[in-house]
Every structure is written in C-alpha cells, then in structure tokens.
Amino acid sequence: MAGVSDKPFRLILAEFGCPLVYTEMVSAKGLVYGSRATLKMIDLAGEGNVAVQLFGREPEILARAAKTAVERGAVLIDLNLGCPMPKVVKNGEGAALMQEPSLVGELVAAVAAAVAVPVTVKMRSGWDGASRNAVQVALVAARARAKAVTVHGRTAVQRYAGRAEWDTIRQVAVALSSQGVSVIGNGDVASPEDASRMLAETGCQGVMVGRAAMSNPWIFPRISAYLRDGTWLDPPSPSERLAVARRHLDQAVHWEGEERAVRQMRKVIGWYVKGLPGAAALRQEVSQIREAEAMRQALHRYATRLH
Ligand SMILES: Cc1cc2nc3c(=O)[nH]c(=O)nc-3n(C[C@H](O)[C@H](O)[C@H](O)COP(=O)(O)O)c2cc1C
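About the thresholds
- Residues numbered from 1 in each chain as written.
- Predicted model: local features only at pLDDT ≥ 70, side-chain atom pairs only at ≥ 80, totals over all residues.
- Heavy atoms only, no water.
- Near = heavy atom within 4 Å.
- Polar contact = N/O pair within 3.5 Å; in protein donor to acceptor, adjacent residues only side chain to side chain.
- Areas by Shrake-Rupley, 256 points an atom, 1.4 Å probe, with all protein chains shown as cover.
- Phe/Tyr/Trp six-rings, centres within 6.5 Å; stacked < 30°, edge-to-face > 60°.
- Helix = DSSP H or I, 4+ residues; strand = E, 2+ residues; numbered from the N terminus.
- Buried < 20%, exposed > 50% of the residue type's maximum accessible area, 1.4 Å probe, protein only.
- Lys NZ or Arg CZ within 6 Å of the ring centre and 35° of its normal.
- Domains from an automatic or database assignment.
- Buried area = accessible area lost by both parts, 1.4 Å probe.
- Salt bridge = Lys/Arg side-chain N within 4 Å of Asp/Glu carboxyl O.
- Nonpolar A, V, L, I, M, F, W, Y, C, P; charged D, E, K, R; others polar.
- Pairing = 2+ DSSP bridges.
- Right-handed = clockwise from strand over helix to strand, strands pointing away.

**A look at the site of the ligand**
Taken together, 14 residues lie near the ligand, and Q53, N186, D188, G210 and R211 sit nearest. Separating a nitrogen atom of the ligand from a backbone N or O atom of A2 is a distance of 2.8 Å. A distance of 2.5 Å separates an oxygen atom of the ligand from a polar atom in the side chain of N186. In isolation the ligand exposes 610 Å². Once the protein is present, 85% of that is buried.

Written as structure tokens, this is what we have:
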C-alpha cells in the first residue's frame with residue numbers, strides 16, 4: 001500500500017506472522033531507469049516473504065523491473081491493475097489497464113517469462129459500473145500464466161467509496177476454478193469473521209487485508225487463529241498498541257533516518273491510537289514534533305496518562 005507498507009511496517013507485519021507482505025506499488029520505469037528513491041522501495045534486506053508490486057504498461061520495462069526485484073529478494077511479483085489515482089491512470093497504468101485486457105495478457109506473459117517466482121495481478125472489479133470485466137481480465141491473466149488473481153470488489157471510478165461488493169470476486173473464483181489459478185478476495189475485511197465470510201461467500205482461496213492492517217498487525221494472527229480452529233484472540237490492549245507504535249518508530253528511524261521517520265510516524269502514530277481516549281490531542285502533539293526522541297517521550301507520556 002502506497003505510503004503504508006514501507007520496510008519498517010513490513011518488518012512489524014512479519015514479526016506478527018503475516019504470511020505475505022507486499023511493498024508499496026513501485027514504478028517499473030523508476031526501477032529500470034535506476035531512480036534511487038524507487039530502488040530503495042525494493043530494499044528487502046533482512047525481510048521474509050515479500051511480494052513486490054509493480055506498475056507500468058510496457059511489457060519489456062515490466063519484465064526488466066521484475067528481474068531486478070527478484071534479484072533483490074522478491075518472492076512474488078504482483079502487477080497493479082487497480083490503482084485509481086489520476087496521476088497513474090492518465091498514463092494508462094494501474095486501473096486504466098482494466099480497459100485493455102489484451103495488453104494485460106502481454107504484460108503478465110512478459111513478466112512470467114522473465115522471472116522464476118510466481119506472477120500475480122491485483123485488479124478492481126472493473127473500470128466503472130458499466131464495465132465490470134474482472135472475469136474477462138482474470139481469464140486473460142490466467143492464460144498468460146498468472147498464478148493468482150487478487151480482486152478488490154470496487155470499480156476504479158468508485159475508488160474507496162461505499163461497501164466493496166464480493167459477488168464479482170465469487171464470479172472470478174468460479175471462472176478460474178478449472179484453471180489452477182488462485183483467487184484472493186479483497187475489500188472491507190476488517191475482522192476474523194470478515195475473513196471467514198469472504199472465503200465462504202466467494203469461494204476464494206486467500207484473503208488480502210488492506211486498510212484494516214494499517215497499524216494493526218494483530219489482525220493477521222487473529223485471522224489465522226480464527227480460520228484454523230475458531231480460536232478468538234482478543235484485540236490488543238492500549239499499552240500493547242503503544243509498545244508496537246514505539247517499536248515501529250525505532251524501526252523507521254533505523255531504516256529511513258530520523259527526518260523521514262518522524263514525518264511518516266506523525267501519521268502512523270495516529271493510526272495506532274485510533275479510537276483511544278485523547279488520541280486527537282496526541283495526534284496534534286506529534287504533528288509538531290521534529291525529533292524521534294521527542295516522539296518517544298510523547299508516546300511515553302500518553303501511555304502514562306492512559307493508565
Ligand atoms: C493509502 C492506501 C494505499 C494503497 N496503495 C495500494 C497499492 O500501492 N497497491 C495496491 O494494489 N492497492 C493499494 N491500495 C488498495 C488496497 O490494497 C485495497 O485494495 C483496498 O484498500 C481495499 O481493501 P481494504 O478494504 O482491505 O482496505 C491502497 C489503499 C490505500 C487506502
């Protein structure tokens with residue numbers, strides 16, 4: 001997730017047993033032309049199972065970018081067919097590709113021929129309500145040797161509005177059931193029960209969690225335990241949340257340097273304390289902070305106030 005699943009957060013997620021984490025969407029062109037900032041996004045040193053998600057629309061560039069990502073340790077390459085941001089779709093990339101199924105086939109085939117790891121795609125249900133063509137695009141991707149297809153049950157035009165509809169995910173699962181290609185359901189999974197319902201109602205093989213994982217790495221062990229044998233693990237206490245926020249800050253300083261870390265953590269701390277008493281005041285306080293040590297102290301004072 002752009003602006004969310006950076007290395008410090010991926011390390012926290014892995015610590016909590018998230019079986020597969022994805023990088024933020026990475027520009028294939030940026031990788032091929034050696035942009036330093038883009039290359040940093042695929043620094044996977046010291047991490048476990050990380051999928052690199054690429055966006056782009058040129059088969060050769062995507063293939064070269066995928067090779068670079070695999071050399072850096074990517075265990076899976078995912079192609080972005082879902083980003084609705086104007087700066088991406090105006091270049092015919094991201095969700096704009098839902099309107100070009102045959103190009104999707106070329107992209108998947110080029111990347112699958114270039115790397116030995118699984119290649120997957122992540123798509124929307126369609127471009128807009130009048131063109132919900134996820135089944136068609138999924139079949140094209142499957143024929144081009146995609147190993148799995150993730151479907152977010154909203155159109156690109158919807159962005160994040162309204163509830164995700166899961167029926168398109170079910171239709172894709174039906175269509176791909178005879179192809180040996182897995183379907184990963186995505187959209188509005190925010191609890192262990194949601195994950196269980198997603199599997200039961202759509203027939204998909206895997207579940208992807210987006211927004212509900214933001215500063216909530218507990219969601220993965222909670223979902224796993226519930227799906228395994230119905231075990232209900234309680235959500236974390238406020239002090240557990242703050243302890244992990246503090247660890248996240250330390251990871252961010254270590255990997256990103258103090259300035260970037262503090263900037264990112266101003267928003268990330270807000271996610272960790274969402275719903276807790278006095279969260280708004282803490283958010284306001286950390287938004288002014290420029291040093292990691294001051295941020296640690298603010299977290300410490302807040303934890304003391306909560307007790
Ligand atoms: C801040 C933010 C950044 C995102 N970045 C990406 C991205 O880089 N690649 C991608 O495939 N989806 C991205 N998404 C979409 C999510 O992966 C997911 O499909 C969507 O939020 C629906 O799932 P959810 O209800 O579990 O959040 C992003 C979503 C948000 C809110």
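**A short note on the packing of aromatic side chains**
Inspection of every chain in the model, using the stated rule, returns 2 aromatic pairs. Relative to W218, the ring of F16 has its centre 5.2 Å away and its plane inclined at 65°; by these criteria the two rings are edge-to-face. Highlighted residues: F16 in the loop between α1 (7-15) and β1 (21-27) and W218 in the loop between β7 (206-208) and α10 (219-229), separated in sequence by 202 residues. The exposure class assigned to F16 is buried, which follows from its relative accessible area of 17%. Residue classification places W218 among the buried positions, given a relative accessible area of 8%. Ring plane angle 85° and centroid distance 6.2 Å describe the contact between Y226 and W232, whose orientation is recorded as edge-to-face. Against the face of W255 rests K7, its NZ or CZ located 4.5 Å from the ring centre. For R222, the ring lying beneath its charged end belongs to W232, and the centroid distance is 4.9 Å.

**Structural notes on the domain arrangement of the chain**
Domain annotation for the chain reports domain 1 (7-229) and domain 2 (238-306). For the pairing of domain 1 and domain 2, the buried interface totals around 1200 Å² over both sides, and the portion due to carbon and sulfur atoms is 68%. Taken as a group, P8, S215 and W218 account for 42% of the area that domain 1 buries against domain 2, more than any other trio of residues on that side. Between the two partners, domain 1 and domain 2, sit 2 salt bridges. With a closest N to O distance of 2.2 Å, E15 and R247 form a salt bridge. Scanning the region where domain 1 abuts domain 2 turns up 4 residue pairs in polar contact (both at pLDDT 80 or more). Per-element tally for the side of domain 1 that touches domain 2: the top contributor is α1, with 6 residues. Tallied by class, residues from the side of domain 1 that touches domain 2 come to 9 nonpolar, 1 polar and 4 charged.

**Describing the pairing of strand β6 (residues 182-186)**
In terms of residue burial, β6 counts as a mostly covered element, since 4 of its 5 residues are buried. Sheet topology note: the strand β5 (residues 148-155)/β6 ladder contains 5 bridges and is parallel. Counterpart to V149 in the pairing with β6 is V183. One crossover worth recording links β5 to the parallel β6 by way of helix α8 (residues 167-176), and it is right-handed. In terms of strand pairing, β6 meets β7 through 3 bridges, oriented parallel. If you follow N186 over to β7, its bridge partner there is M208. As for the winding sense of the linkage, the β-α-β connection from β6 through helix α9 (residues 192-202) to β7 is right-handed.

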